[in-house]
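So you can see what is in the structure, the chains are spelled out below.
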Amino acid sequence: MCGIVAYLGSREAYPILINGLHRLEYRGYDSAGIALLDGGLQVYKAKGKVSTLEHKINGRKLHSHIGVGHTRWATHGEPNTSNAHPHKSNNQKLAIIHNGIIENYDVLKRALIERGYHFDSETDTEVLANLIEDIQKNEQTDLEEAVRIALNQVTGAYAIVVLSEEDPDMLIAARKGSPLVVGIGDNEFFIASDATPFVEYTKSVIFLEEEDMVIIRRGEDIKLKTIKNKVKTPYVEALEMDLCELEKGGFDHFMLKEIFEQPRSIKDSMRGRLNAESGIVSLGGIIDYEQKILHAERIIIVACGTSWHAGLVGEYLFEDLARIPVEVEYASEFRYRNPIISEKDVVIAISQSGETADTLAAINLAKEKGATIIGICNVVGSSIARATDAGSYTHAGPEIGVASTKAFTAQVTILTLMALRMAQLKGTIPVSKWRELLFELESIPGKVERTLANGELIKQLAYEFKDVRNFLYLGRGYNFPVALEGALKLKEISYIHAEGYPAAEMKHGPIALIDNEMPVVFIAPSKGIYDKVVSNIQEVKARNGKVIAVVTEGDEVVRGMADYVIEIPETEEIFTPLLATIPLQILAYHIAVLRGCHVDQPRNLAKSVTVE
Ligand code: G6P
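These lines cover the structure that appears in this document, whether it is placed above or below. (Residues numbered from 1 in each chain as written. Predicted model: local features only at pLDDT ≥ 70, side-chain atom pairs only at ≥ 80, totals over all residues. Heavy atoms only, no water.)

### Quick look at unusual backbone geometry
What counts is decided by this rule: By the criteria applied, helices consist of DSSP H or I runs no shorter than four residues and strands consist of E runs no shorter than two, each listed in order from the N terminus.
With an omega of 0°, the peptide bond running from His85 to Pro86 counts as cis. With respect to the secondary-structure elements, Pro86 resides in the loop between strand S4 (66–72) and strand S5 (87–88).

### A closer look at the layout of surface pockets
One way to see where empty space is left: roll a probe the size of a water molecule over the atoms. To keep things clear, this is the line we draw: Here a cavity denotes a set of grid points, spaced 1 Å apart and computed over the protein atoms alone, in which a 1.4 Å probe fits but from which it cannot get out, and a pocket denotes an open set meeting protein on both sides within 12 Å along at least five of seven lines; residues with an atom within 4 Å of a point are reported as lining. Grid points are joined across faces, edges and corners, and a volume is the space filled by probe spheres set on the points. Residue polarity follows a fixed list, in which Ala, Val, Leu, Ile, Met, Phe, Trp, Tyr, Cys and Pro are nonpolar, Asp, Glu, Lys and Arg are charged, and the others, Gly among them, are polar.
The calculated volume of the largest pocket comes to roughly 860 Å³. Lining the largest pocket are 41 residues, and of these Glu240, Met241, Asn378, Val379 and Val380 lie nearest its centre. Residue assignment for the lining of the largest pocket shows that the elements contributing at least two residues are strand S11 (204–207), strand S15 (237–238), helix H7 (262–270) and helix H12 (383–387). In terms of residue class, the lining of the largest pocket is built from 17 nonpolar, 11 polar and 13 charged. Quantified by volume, the second largest pocket comes out at close to 600 Å³. Forming the walls of the second largest pocket are 28 residues, and the residues nearest its centre are Cys304, Gly305, Thr306, Lys607 and Val609. A total of 4 residues in the lining of the second largest pocket trace back to one element, the largest contributor, which is helix H9 (residues 305–322). Considering only residue class, the lining of the second largest pocket consists of 12 nonpolar, 12 polar and 4 charged.

### Things to note about the pairing of S4
We count it as follows: For the exposure calls, accessible area comes from a 1.4 Å probe over protein chains only, and a residue counts as buried if that area is under 20% of its type's maximum, exposed if over 50%, partly exposed in between. Whether two strands pair comes down to DSSP finding at least two bridges between them.
Among the 7 residues that make up S4, 7 are buried, leaving the element largely enclosed by the rest of the structure. By the alternation rule, side chains of S4 split into Ile66, Val68, His70 and Arg72 and Gly67, Gly69 and Thr71, which are all buried. Of the pairings in the sheet, the one linking strand S1 (residues 3–8) to S4 comprises 6 bridges and is antiparallel in character. Paired with Tyr7 across the bridge in S4 is Gly67. One ladder, built from 6 bridges, connects strand S2 (residues 31–37) with S4; its direction is antiparallel. Along S4, the bridge assignment pairs Ile34 with Gly69.

Right under this line is the structure:
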């Protein structure tokens, strides 16, 4: 949450910062601001989106070759201009941008007020700005040392960048619990929450580690150390990201583009890992841990949001195919409930961003107790990817729409590959059946493509249902998590109340909601316990509910009962989530568009939740 971008070099800083903020807007969009050294420290801020800031600045000729920018997801203080970053210290000479939460800000603030400081905002960030100023003044230190001392006094999480009028050729950045990456160009430097703001300028990056501090001076090499003053050698990595991955490519929204990318993203997640012809499933990243997973007493999957739903599919896959017991936990609950974990457990952490604070904390807890940690992440070099013992990247490419789509199907793909590999090693499935499954999995991207072809029909359904107030999503077995995910997509982006339920549980509550205005989406592919789902559909029809059913192509039984059907190609039951999710994403998308919602940046949500 909150996007950070900073620049030092010979180009004009403003266009780099503003474009960078647009790319980082998925991290938060309550307010935005920039600070430049343009004949002194100049700060411009606006409530709302980055485009509002841009309009406010419009026409001014800003000249600076150094600057910082921020887009905010509010934690301390409501989203307004005074709470927007950058924050200046009282002497007006220092500006700071911050992502995270300073937990002891109140104590520090009171002490600073006693020493005569005043505050213009309700933020924890302004406290840090004044703390740095205070230390610099009282301890007669330079800015670098003042920032370092201040960071040793704060508890909580932060990624910060400091800009000072008194050191016009220097930026100082540091991180703990929130990501920061430094881009190194030709006599120019970029600092950002992720590499998206500077991908067109450089592919050489340094991912800062926990408690790292970087000091960037014009004309000098980067200086890297920890906040405990231990000097480090920067490790420069090459970025694998292309500019076109960050553009809408002709689609109206990133979310739609990402939905339509799924044949490719699923294929990329399988590339080099699956070869049905040769009978190979191999995930290079976890090869050294296969025996550990195979003999695990339990697999515990920890995740949040959509990734948690992928984890639920994983539970079905691992138990069904490889007969390994699995528990799926909300990371936020797991970390606080004194869970029983031992060295015999394997924890699989799933995260698109690789930065989710609760998931990271759950990993650290499980690590302390000796469990082996496997990661499934989309963002290369992310905090979660680094915190795990081993893992597999999803290779879905950057996901920019706040509501997760292609990351989900990529996560399910990786879980499927892992479960199939474990089944092979364990011999839990007859070899001929196992080979059949591999061939079928290879055909899934093509079947996703066919499913996407139903887009227009689903759009018509969206017209029909755009004004309803409630939706129910029901599925069983592998498609129970799909029901949860379908409901989550709809509520995230259209703000319609939607609930996902195991279809049979409907009788224990949600059935009371059903009347002739209540749409009920059934995920009813003709595999698994199909007959039971058909009975559940009848129960809804008997109460005049409106049924939208996701069915296997050619299913005349459900077609005869449901009000609307959306077809998906026939596949094995274990692969149905990869197909059945697609129409639900499209339905949510079109309903949200018709309701005039901001699809890519839904209200109150952020894509990367780096606070708990
Ligand atoms: C936020 C996003 C969701 C995402 C969840 C977990 O709530 O809006 O789309 O599923 O975080 O994020 P992660 O990056 O850990 O998968």
